[in-house]
Amino acid sequence: MPEITLSQSARHQRHGSNIGQPLTRRDGVLKVTGAAPYAADHHPTGMLYAVMAVAGIARGRVASLDVAAAKAHPGVVDVMTPAHKPKLAMDPDEKSNPFMFRLDLLQNDKVRYPRQPIAVVIAETLEAATEGATLLAPVYETQTARIGLDGERFVPPGVGVGNPPAVSHGDVEQGLKDAAKVTEAVYETPSQYHNAMEPHAIVAEWTEAGLVIDTPSQGMAMAQARIAGLFGIAPETIHIRSPFLGGGFGSKGLVAGPQVLGIMAAKLVGRPVKLVLRREQMYGPVGHRAPTRQTLRLGTDAGGRLTALDHHALTASSSFDDFFEPAADASHTLYAAKAIATAHEAVRTDTGTPLFMRAPGEATGSIALESAIDEAAFACGMDPLAFRLKNYAEVEPISGKPFSSKALRECYAQGAERFGWSTRPLAPRSKRDEAGFLVGWGVGTATFPALMFQAQARAIIRADGSGRMEIGAHDMGQGAWTALAQIAADGLGLDLDKVDFASGTSDLPDAGIAGGSAHTATAGMAIHNAGAAVIAKLADLATGDERSPLFGAGNQGVIAREGRLHRRDDASRSEAYADILARAGLQQIEAGGKAAADPAAQESYAMHAHGAVFAEVKVDPDLGQIRVSRLIGAFAAGRIINPHLVRSQYYGGMIWGISFALHEKAIIDRRSGRIMNGDLAEYHVPVNADVPHVEAILVDEHDPHVNALGIKGVGEIGITGSAGAIANAVWHATGIRCRRFPIGLEQLIGTA
Amino acid sequence: MKIFDYIRPASVTEAVAATAQTGAVYLAAGTNLLDLMKVGVARPDRLVDVTHLPGLDRIERLPDGGFRIGAMVRNATLAYDTGFAEAFPMVSEALLSGASAQLRNAATVGGNLLQRTRCAYFYDVESACNKRVPGSGCDALQGENSGHAVLGWSPSCIATHPSDFCVPLAALDAIVEVEGRDGRRDILLDALHRLPGEHPERDTVLEPSDLIVAVRLPAAAAAFASHSRYLKLRERTSYAFAVVSAAAALHLGAGRIAQVRLALGSVAAKPWRCREAEALLVGAEPTPEAFKRAAEIALAEAKPSGHNAHKIELARRILVRALNEAAAGTPAQIAALPASPFSTMPGALAHA
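**Notes on the overall build of chain B**
Across its full length, chain B carries 13 helices and 12 strands. For chain B, the spread of C-alpha atoms along the three principal axes comes to 60 × 50 × 40 Å. Within chain B, buried positions represent 58% of all 352 residues. The contacts of chain B with a sequence gap of at least 6 include a subset with a gap of at least 24, amounting to 63%. When the accessible area of chain B is evaluated, it comes to approximately 13300 Å², of which 53% is carbon and sulfur surface.

See the structure below:
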């Protein structure tokens with residue numbers, strides 16, 4: 001096995017006790033007192049309000065807008081339309097890389113999805129802009145909307161971010177022929193919308209130096225580059241402030257059309273402009289999870305081993321851009337079938353372009369795969385956990401690579417023990433509680449790839465012995481302000497209160513994107529390496545100076561700990577950072593660090609986090625109402641920087657699993673293509689009463705290969721496994737296999 | 001937003017006078033009206049705020065044992081009034097099963113009665129809706145209508161009335177006191193809301209300027225206190241409108257049903273009183289079989305208005321469940337999950 005280049009200098013070590021501490025959020029007080037500034041809290045002098053008018057049809061063109069009526073309304077300053085807008089340097093429909101999505105920036109009068117922006121009214125007050133947008137009273141030429149998954153199918157060129165649409169390993173058809181039993185089923189998942197608590201918002205101000213923006217972003221450097229291209233300006237002249245996000249879930253990963261419209265509006269009127277999406281406007285131009293129809297065929301031999309696993313996913317993208325939910329890819333890594341084939345097909349519909357939504361593909365595919373595995377287990381007369389263990393993948397099934405680490409067996413064992421799984425009856429509809437409710441238990445396997453992107457950080461040690469770490473990282477609520485600061489403190493060999501952690505603005509080193517559950521690993525490694533580099537500089541100063549007690553220790557190296565460097569070979573000889581810098585006459589020293597995935601390690605190992613989720617549901621036997629009475633997940637995701645925050649991440653994911661299985665769906669009018677439940681009263685997500693009991697167990701896992709810190713991601717894995725576990729528990733409770741999600745009570749009362 | 005006048009009258013008389021002009025509407029807590037104004041469904045020229053009117057915020061026990069509730073009493077205040085909850089436990093339970101704690105703290109008794117339907121096509125100004133724009137058509141009829149009416153609907157409107165509170169009120173013969181241009185009058189709550197017919201734009205029988213000032217519960221209604229229940233089926237455990245709901249109240253004597261009150265919610269444009277089913281049960285023994293027969297009668301005229309046939313069966317079943325629970329006796333305390341089928345689940349948490 002190849003050695004991974006150690007990113008920490010072997011000569012110099014750092015000891016710290018910050019990593020692993022269950023600290024509460026350092027920004028918690030700011031948030032609960034309302035002092036944390038979110039984008040829409042900013043009000044620069046002279047600021048105007050912009051409100052979007054959005055399309056009331058799914059497909060066609062805007063024949064007319066009553067601009068005069070809007071302009072005549074008191075307080076309205078200007079109305080931005082396709083005929084009246086700042087010139088852009090780039091066509092919003094141009095696309096030069098797979099991470100660049102087409103935007104609707106009033107480039108013409110075409111309507112290609114409901115709630116597409118068709119004009120922007122700019123006014124002295126929010127109320128005037130709102131009324132101005134109403135007064136535009138658009139008249140449309142309407143074409144028939146294309147909706148649903150029954151349109152003309154095609155094989156997309158790639159799924160997710162450039163994954164091949166079809167993957168095949170072994171002979172699936174032969175595997176199915178050889179099987180003692182074949183389980184075949186079709187599962188459907190609906191369109192879902194991110195619905196971050198904080199809607200997309202922007203306050204944009206053009207200054208002499210360039211452009212200043214307050215906007216929530218999961219990727220400031222990418223946003224800078226996109227905006228720079230659109231406006232023909234240098235990226236470094238764009239200053240983005242995004243210290244806090246009220247949730248992102250992928251919908252703030254790339255700058256969205258409405259945010260750019262805010263910048264255009266500011267340019268048009270020559271004053272700062274604020275544009276905040278209304279809740280219903282989040283159901284259109286800022287991405288969503290595409291619907292799927294997934295067909296699974298599982299062959300099993302007499303002993304319950306998978307002979308074949310065939311997973312086909314039909315999904316939808318917009319009429320004008322490409323994002324294909326990689327749902328079938330969920331079957332690549334979990335179960336050791338002799339033959340595995342996955343394939344995708346797609347149709348085009350008149351919706352906004354679907355995008356990354358927490359566990360894109362993994363969540364959608366997982367509920368179908370875990371349901372099908374459950375069906376196959378029952379067909380084999382096996383306990384569904386025993387069936388999963390029987391088909392446990394010792395190496396990654398298709399690639400044949402060893403796993404960099406995989407504590408999934410421990411997850412199954414610890415989760416099952418905590419849940420009490422061993423007493424589960426095999427037959428469905430065989431358990432009732434004392435009040436007469438049907439009780440069902442289900443299990444699902446969770447997995448998510450351990451990804452890393454690229455990032456940079458800058459570390460500084462100052463004359464007073466304190467440190468500073470700078471990185472333009474993103475806190476979506478997951479706790480980056482805290483977890484990354486913990487890594488920074490250990491990276492600098494300092495206590496947390498001696499480190500000034502700077503983050504959340506675009507003038508700091510590029511931290512990449514907070515997505516793919518990779519931010520802690522990626523930004524964390526850049527921080528770790530920057531710390532190593534600055535400690536190395538400090539050590540050079542000391543070990544090369546005969547006045548230092550560390551003089552001559554250059555070959556042995558030093559240990560940085562609590563603000564002092566110690567000789568590795570004689571820990572009693574040490575010197576404080578402040579003393580080293582004072583003698584050198586330096587106010588501070590600084591150094592940069594970088595992070596990226598190690599291609600050699602990636603080539604050699606399959607890297608994934610894993611987990612096992614156990615669900616208990618209760619179902620009213622007459623009325624069909626469902627409640628998830630217990631949800632217990634056990635997850636192994638490498639090194640845990642902050643168990644308190646990680647547990648919260650797992651809870652959030654698991655609760656989303658409840659939502660996926662039981663609640664969430666966009667209701668789309670079958671004629672107009674319009675979403676009829678674009679608000680949080682009718683677009684249901686779980687409320688507290690739906691989550692009476694959730695537990696997350698953190699299973700120890702040491703991974704020497706993913707990165708020097710051993711970090712895998714935890715942001716998305718919680719949805720996977722959970723949704724399937726709940727669906728399986730509903731079947732176990734009722735004997736009714738629901739394959740159309742979310743599961744509604746009407747599916748359980750025997751009238752459907 | 002559209003510019004409008006805001007008036008805060010000092011008396012009921014002033015309030016009635018202030019709504020003389022067209023485009024004037026009463027504003028109570030605004031938990032529904034302000035939303036409707038934000039989405040452009042309601043565009044009033046004048047809001048007459050009645051929340052500060054003197055004397056409308058009292059809960060009074062009448063000499064005969066009935067109750068009179070001022071129209072501006074907040075839902076939460078009424079639900080937690082001990083004397084009221086003891087006399088009419090299913091009304092309190094219905095109130096506590098509605099909306100969220102924050103909304104219940106704001107919403108008023110009078111406003112609850114006059115809330116508009118939750119039909120998505122009514123809220124969506126791009127859709128055709130006879131209730132919003134008379135004569136424009138009904139996009140719900142061939143649309144996404146799994147939650148729509150199964151009783152009393154017409155081809156011009158299949159919307160339902162979403163109130164929980166009104167369901168037990170209809171069952172208990174509550175009376176609505178109305179102040180209008182010609183003085184004060186009483187309307188039986190069951191007669192307040194209209195079925196759509198050809199004029200779905202008229203939700204109620206109220207005339208312009210009519211102001212609800214109080215709701216009265218007759219003394220006779222308190223006779224059901226020991227055997228009554230409101231149950232509400234939802235797509236999530238709390239903070240959701242009913243799929244269907246039922247209020248059932250029994251007065252038992254010598255092992256038989258002496259009197260019974262039944263009403264269904266979210267099945268029609270009004271809370272649906274089930275008088276024929278009541279008649280069937282009077283004198284019968286309180287058995288599950290009798291309750292099933294009553295539920296059959298109650299839903300005999302029901303027919304789907306779209307993709308909602310399941311609501312008919314659910315309405316039957318929830319009526320049977322509510323009757324069974326009423327027969328078993330009103331719980332000593334309102335459950336932690338009010339009106340939920342899971343309210344009997346041991347260990348249920350008070351998170352509703």
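Moving on from the model shown.
**A few points about helix α15 (residues 722–734) of chain A**
Here α15 of chain A is 13 residues long and its end C-alpha atoms lie 18 Å apart, about the 18 Å a rise of 1.5 Å per residue gives. Within α15 of chain A, 13 of the 13 residues are buried, which leaves it mostly tucked inside the rest of the structure.

**What about unusual backbone geometry?**
Residue and element names in this part refer to chain A. The amide bond that connects Phe741 to the next residue, Pro742, takes the cis arrangement and shows omega of 0°. Within the secondary structure, Pro742 sits in the segment after α15. The phi torsion at Arg429 lies on the positive side, around 50°, for a residue other than glycine. Among the secondary structure elements, Arg429 is positioned in the loop between α9 (408–419) and β17 (438–449). Judged by its relative accessible area of 42%, Arg429 falls in the partly exposed class.

**With respect to the domain arrangement of chain B**
The assigned domain composition of chain B is domain 1 (5–52) and domain 2 (225–327). Taking only C-alpha atoms into account, the centre of domain 1 of chain B sits 36 Å from that of domain 2 of chain B.

**Section: the domain arrangement of chain A**
Residue and element names in this part refer to chain A. Per the domain assignment, the segments of chain A are domain 1 (13–36 + 454–539 + 576–596), domain 2 (39–144 + 194–282) and domain 3 (359–391 + 405–451 + 603–747). Between domain 2 and domain 3, the C-alpha centre-to-centre distance is 37 Å. Facing the 10 residues of domain 2 at the interface are 9 residues of domain 3. Carbon and sulfur atoms make up 58% of the surface buried where domain 2 meets domain 3, a total of about 750 Å² over both sides.

**Quick word on the packing of aromatic side chains**
Residue and element names in this part refer to chain A. Applying the stated criterion across every chain yields a total of 25 aromatic pairs over all chains. Ring centres 5.8 Å apart and planes at 80° place the aromatic pair Phe154 and Phe324 in the edge-to-face group. With a gap of 170 residues between them, Phe154 in the loop between β7 (139–142) and β8 (166–169) and Phe324 in the loop between β15 (306–318) and β16 (340–349) connect regions that are remote in the sequence. Its relative accessible area of 1% is what places Phe324 among the buried residues. An aromatic cluster of at least three residues, connected via ring pairs, comprises Tyr38, Phe244, Trp481 and Phe501. Sitting above the plane of the Trp441 ring, Lys431 keeps its charged end 4.1 Å from the centroid.

**Digging into the interface of chain A and chain B**
Each partner contributes to the interface: chain A provides 41 residues, whereas chain B provides 45 residues. In this assembly, chain A packs against chain B so that about 3800 Å² is buried in total across both faces, 56% of it on carbon and sulfur atoms. Our count for the chain A to chain B interface comes out at 5 salt bridges. In this structure, Asp620 of chain A engages Arg321 of chain B in a salt bridge whose closest nitrogen and oxygen atoms are separated by 2.7 Å. For the interface between chain A and chain B, the tally reads 16 residue pairs in polar contact (both at pLDDT 80 or more). Broken down by secondary-structure element, the contributors of at least two residues to the side of chain A that touches chain B are α3 (126–135) and β26 (626–636) of chain A. Sorting elements by how many residues they give to the side of chain A that touches chain B places α3 of chain A first, with 5 residues.

**As for the confidence of the model for chain A**
Looking at chain A as a whole, the pLDDT averages 96, with 98% of positions reaching at least 70. Across residues 1–8 of chain A, confidence stays below pLDDT 50; counting only partners more than four residues off in sequence or on other chains, it has 14 contacts.

**Re the pattern of salt bridges**
For the coordinates displayed, the defined rule picks out 68 salt bridges over all chains. For Asp150 of chain A, the salt bridge identified is with Arg293 of chain A, shortest N-O distance 3.1 Å. With Asp150 of chain A in the loop between β7 and β8 and Arg293 of chain A in strand β14 (residues 292–300), the pair connects residues that are 143 residues apart, well separated along the chain. For Asp150 of chain A, a relative accessible area of 64% puts it in the exposed group. Note that Glu179 of chain B is salt-bridged to Arg184 of chain B, the shortest N-O span being 2.8 Å. Owing to a relative accessible area of 16%, Glu179 of chain B belongs among the buried residues under this scheme. When salt bridges that share partners are traced, they join Glu60, Arg68, Glu177, Glu179, Arg184, Asp186 and Arg216 of chain B into one network.

**So, helix α13 (residues 309–328) of chain B**
Residues and elements named next belong to chain B. With 20 residues, α13 ought to run about 28 Å at 1.5 Å a step, and its terminal C-alpha atoms sit 30 Å apart, in line with that. For α13, the buried fraction is high: 14 of the 20 residues fall into the buried class. A positive backbone phi angle near 110° is found at Gly329, which sits one or two residues after α13.

**Quick notes on the sheet that holds strand β23 (residues 574–576) of chain A**
All names here are of chain A. Spatial strand order, β1-β21-β22-β23: 4 strands in an open sheet with mixed pairing. For this open sheet the edge positions go to β1 (13–15) and β23, each flanked by a neighbour on one side alone. Adjacent strand axes in the sheet meet at a mean angle of 25° when their direction is disregarded. The sheet strands contacting helix α12 (residues 577–584) are β21 (558–561), β22 (564–567) and β23, and the helix crosses β23 at an angle near 75°.

**Side note on the sheet that holds strand β11 (residues 211–214) of chain A**
Residue and element names in this part refer to chain A. Here 7 strands make up an open sheet; going across it, the order is β4-β6-β2-β13-β10-β11-β12 and the pairing mixed. Both edges of this open sheet fall to β4 (76–80) and β12 (238–241), since each of them pairs with a single strand only. In this sheet, neighbouring strand axes are inclined to one another by 20° on average, regardless of whether the strands run parallel or antiparallel. Here α3 sits on the sheet in contact with β2 (48–54), β4 and β6 (117–123), set at roughly 25° to β2. On top of the sheet, helix α5 (residues 220–231) reaches β10 (201–206), β11 and β12; it is set at about 140° to β12, its chief contact.

**A few points about the environment of Phe320 of chain A**
All names here are of chain A. By the secondary structure assignment, Phe320 is in the loop between β15 and β16. Sequence spacing of Phe320 and Ala725 is 405 residues, and the spatial spacing of their C-alpha atoms is 36 Å. Leave out the neighbours within four places in its chain, and Phe320 touches Arg102, Asp104, Arg112, Tyr113, Thr351 and Thr353.

**Here we look at the confidence of the model for chain B**
Residue and element names in this part refer to chain B. When pLDDT is averaged across chain B, the result is 95; 97% of the residues are at 70 or more. In this model residues 345–352 is a low-confidence stretch, pLDDT under 50, and it forms 21 contacts with partners more than four residues away in sequence or in other chains. Scoring the predicted complex yields pTM 0.97 and, for the interface, ipTM 0.96.

**A look at the side chain of Glu131 of chain A**
Tracing the chain through its elements places Glu131 of chain A in helix α3. Look at Glu131 of chain A and you get buried, because its relative accessible area is 5%. At 2.5 Å, the side chain of Glu131 of chain A forms a polar contact with the side chain of Arg43 of chain B.

**Looking at the environment of Leu65 of chain A**
Residues and elements named next belong to chain A. Inspection of the secondary structure assignment puts Leu65 in the loop between β3 (60–64) and α2 (67–72). A sequence separation of 68 residues divides Leu65 from Ala133, and the C-alpha atoms of the two residues are 9.9 Å apart. The residues touching Leu65, leaving out its near neighbours within four places in the chain, are Thr81, Ile118, Ala119, Leu136 and Pro138.

Conventions we followed
Residues numbered from 1 in each chain as written. Chains lettered and ligands numbered in written order. Predicted model: local features only at pLDDT ≥ 70, side-chain atom pairs only at ≥ 80, totals over all residues. Heavy atoms only, no water. Helix = DSSP H or I, 4+ residues; strand = E, 2+ residues; numbered from the N terminus. Buried < 20%, exposed > 50% of the residue type's maximum accessible area, 1.4 Å probe, protein only. Contact = heavy atoms within 4.5 Å. Areas by Shrake-Rupley, 256 points an atom, 1.4 Å probe, with all protein chains shown as cover. Expected span 1.5 Å × (residues − 1). Domains from an automatic or database assignment. Buried area = accessible area lost by both parts, 1.4 Å probe. Phe/Tyr/Trp six-rings, centres within 6.5 Å; stacked < 30°, edge-to-face > 60°. Lys NZ or Arg CZ within 6 Å of the ring centre and 35° of its normal. Salt bridge = Lys/Arg side-chain N within 4 Å of Asp/Glu carboxyl O. Polar contact = N/O pair within 3.5 Å; in protein donor to acceptor, adjacent residues only side chain to side chain. pLDDT = per-residue confidence, 0-100. Pairing = 2+ DSSP bridges. Axes fitted to C-alpha atoms, helices over the stretch in contact; angles between N-to-C directions.

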